[in-house]
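Summary of structural features
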Amino acid sequence: MAWANWSGAQVFPEAHCEPLGTEAALQARLRAAPRGQRFRAVGAGHSFSPLWGAGDQLLSLDAFDGVAEAGGQLWLGAGQRLADLGPKLAGRGLALANQGDIDRQSLAGALGTGTHGTGWALPSLAATVTGLRLIDGTGTLQVLSDSDVLAGARIHLGALGLITAVALRLRPAYGLLERNQGVPFEALFEGQHARLRAQRHGEFWWVPATDETLFKQLREIPIPRTSRLTPLAFGEEGTRWGPSWAVFPSDRSARFNEMEYSVPVAAGPACFRALRSAILSTFPKLPWPVEYRLVAGDEGWLSPTGGQRVAAISVHQDARRPFAPLFDLVEPIFKAHGGRPHWGKRFSWSRQEFEAAYGAGLDRFRALRARLDPEGRFLTAGLAPLFGAPNHA
Ligand SMILES: Cc1cc2nc3c(=O)[nH]c(=O)nc-3n(C[C@H](O)[C@H](O)[C@H](O)COP(=O)(O)OP(=O)(O)OC[C@H]3O[C@@H](n4cnc5c(N)ncnc54)[C@H](O)[C@@H]3O)c2cc1C
């Protein structure tokens, strides 16, 4: 059966995705595998980057979808979709502190590539991890809770093992009011991003074809009384509200490919202006927006924030069109502004570029990977060039 990612840019006609539903079954599968067989856990397939390659055996952990207390922690099944997790947490009076544009991702997949939303004071979802349960490359169950190890393991790229459950720092459930309005982008950069900073969640979208900017803000409100079937309420044009898990995601039915870089926040406005001028001169009719968000820094070894607050800027291209001409135009601009790519989106970085940007963090991740997976069971064709021996480069 064929496997394709969400955008359709990666298609593996011969792939077979094997569903496994218990930790014992995962352990048995790994231990019985012939030498040299490589495994890749798949989430919802919403990454744009080629994280694996032909020949890797795909495993679906969708059945790990529970929410259970154990050892004083709330463990969240790693295969469940964020869309399903939200209402379950709400039933316990809890919520994720932040979310991205959609809720179709699996929990482990979202963490694994550093998925984030927007918020001056809010880091990526991975930065809230307090525990991970995984089956490592030797088939051994590992429960990771040491904060230093978690700083390495939380953006895992599927390279450390098969994650079955995750513990997160959660917060009491809350509601959100969303408002969208046209604002010139220069106004959004005034006073060190004053308008974006003033929001719990502020971001903007700029559309090259119209040269217009839409400013989106999410304000925290008490949890509105809603029904599970109609959790969202709509008001005057551009506003809606509901429980946080229902307001964060937006409709993304039109398919695209995406490149995103995180640049130090002080470089964000200059980077955006350079992108705008390059795109207007080469793709003036591009109807796909450029998105501008803020993410708080975290010390994760593979965090694209590099420990500092960043502007995460994304460029989109229609999935039916070739993305290389647009992405080849903008990638040097991101690099010139000190950017690091989103692990789950398109980029063309060499091993040397990753080593220069991540330095000791990358070395530590390689050592952790080698300890948890000495035979390279998860060192798939997509990951080996970066995490394997240098001759893979
Ligand atoms: C329409 C759309 C909107 C998006 N919006 C945002 C956004 O707002 N913010 C943002 O930061 N990103 C965004 N992304 C990117 C997306 O969040 C990431 O690519 C995310 O990793 C996708 O999750 P997934 O479940 O599809 O994982 P996959 O793409 O299936 O897998 C991602 C990685 O996780 C690994 N993995 C998955 N499950 C497990 C497991 N159980 N154990 C071990 N490893 C596992 C895989 O092997 C792979 O390495 C968006 C993507 C799309 C298509």
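Look up a bit, the structure's there.
First things first, this report covers the structure right here in the doc. Since the model is a prediction, treat every value here as computed from it, not as a measurement. (Residues numbered from 1 in each chain as written. Predicted model: local features only at pLDDT ≥ 70, side-chain atom pairs only at ≥ 80, totals over all residues.)

**Concerning the pairing of strand 11 (residues 162-168)**
- Burial of strand 11 is extensive: 7 of the 7 residues sit out of reach of the surface.
- The sheet contact formed by strand 7 (residues 73-77) and strand 11 spans 2 bridges and is antiparallel. The partner of Leu 76 across the bridge, within strand 11, is Val 166. (Buried ≥ 20, exposed ≤ 12 C-beta atoms within 10 Å, placed from the backbone. Helix = DSSP H or I, 4+ residues; strand = E, 2+ residues; numbered from the N terminus. Pairing = 2+ DSSP bridges.)

**Description of helix 2 (residues 82-90)**
- Every buried residue of helix 2 is accounted for by Leu 82, Leu 85, Gly 86 and Leu 89. Along helix 2, the residues classed as buried sweep out an arc of 105 degrees about the axis, all on the same side.
- Where helix 2 is buried, its residues touch strand 7, strand 8 (94-95), helix 3 (107-112) and helix 6 (244-247). (Arc of directions from axis to C-beta. Contact = placed C-beta atoms within 7 Å.)

**Here we look at the site of the ligand**
- Around the ligand, the surrounding shell holds 32 residues, and the nearest of these are Gly 43, Gly 100, Gly 109, Gly 158 and Gly 344.
- Counting only elements with at least two residues in the shell around the ligand, the list comes to strand 4 (39-42), helix 3 and strand 11.
- With 4 residues, the top contributor of residues to the shell around the ligand is helix 3.
- Here the shell around the ligand is composed, by residue class, of 13 nonpolar, 16 polar and 3 charged. (Near = placed C-beta within 6 Å. Nonpolar A, V, L, I, M, F, W, Y, C, P; charged D, E, K, R; others polar.)

**Brief notes about the packing of helix 7 (residues 268-282) against helix 8 (residues 324-336)**
- With their axes 10 Å apart at the nearest point, helix 7 and helix 8 run at an angle of 160 degrees to one another. Taken together, the axis directions place helix 7 and helix 8 in an arrangement best described as roughly antiparallel. Between helix 7 and helix 8 lies a crossing of right-handed hand. Along the contact surface, helix 7 presents Cys 271, Ala 274, Leu 275, Ala 278 and Thr 282, while helix 8 presents Leu 329, Val 330, Ile 333 and Phe 334.
- Taken together, the residues of the contact of helix 7 with helix 8 break down into 8 nonpolar, 1 polar and no charged. (Axes fitted to C-alpha atoms, helices over the stretch in contact; angles between N-to-C directions. Parallel < 35°, antiparallel > 145°, perpendicular 65-115°, else oblique. Left-handed = near helix turned anticlockwise from the far one by under 90°.)

**Focus on the sheet that holds strand 4**
- Taking strand neighbours across the sheet as the criterion, the 3 strands line up as 3-5-4 in an open arrangement whose pairing is parallel. The open sheet has two edge strands, strand 3 (17-19) and strand 4, and neither has a second partner. Strand-to-strand twist of the sheet, defined as the mean angle between neighbouring strand axes without regard to direction, takes the value 35 degrees.
- Sheet topology places strand 4 next to strand 5 (residues 57-60); 4 bridges connect them, and they run parallel. By the bridge assignment, Val 42 is partnered in strand 5 with Ser 60.

**Observations concerning the sheet that holds strand 17 (residues 239-243)**
- Strand order in the open sheet formed by 9 strands is 16-17-13-15-14-19-20-18-21, with antiparallel pairing between adjacent strands. Edge positions in the sheet fall to strand 16 (233-234) and strand 21 (340-341), since each of these pairs with one other strand and no more.
- Here strand 13 (residues 175-182) runs beside strand 15 (residues 212-221); their pairing, made up of 8 bridges, is antiparallel. Residue pairing for strand 15: Gln 181 is matched across the bridge by Phe 215.

**A word on the nonpolar core**
- Among the nonpolar cores identified, the biggest contains 59 residues, and Leu 61, Ala 78, Leu 107, Ala 108, Leu 111, Leu 162 and Val 166 are the most heavily contacted of them.
- No other element matches the 6 residues that strand 11 contributes to this core.
- Discounting chain neighbours no more than four positions away, the residues touching Leu 107 are Leu 76, Ala 78, Gln 80, Leu 82, Leu 85 and Val 166.
- Counting 31 residues, the second largest nonpolar core, distinct from the first, contains Leu 196, Cys 271, Val 315 and Phe 334. (Core = buried A, V, L, I, M, F, W, Y, C linked by C-beta atoms within 7 Å.)

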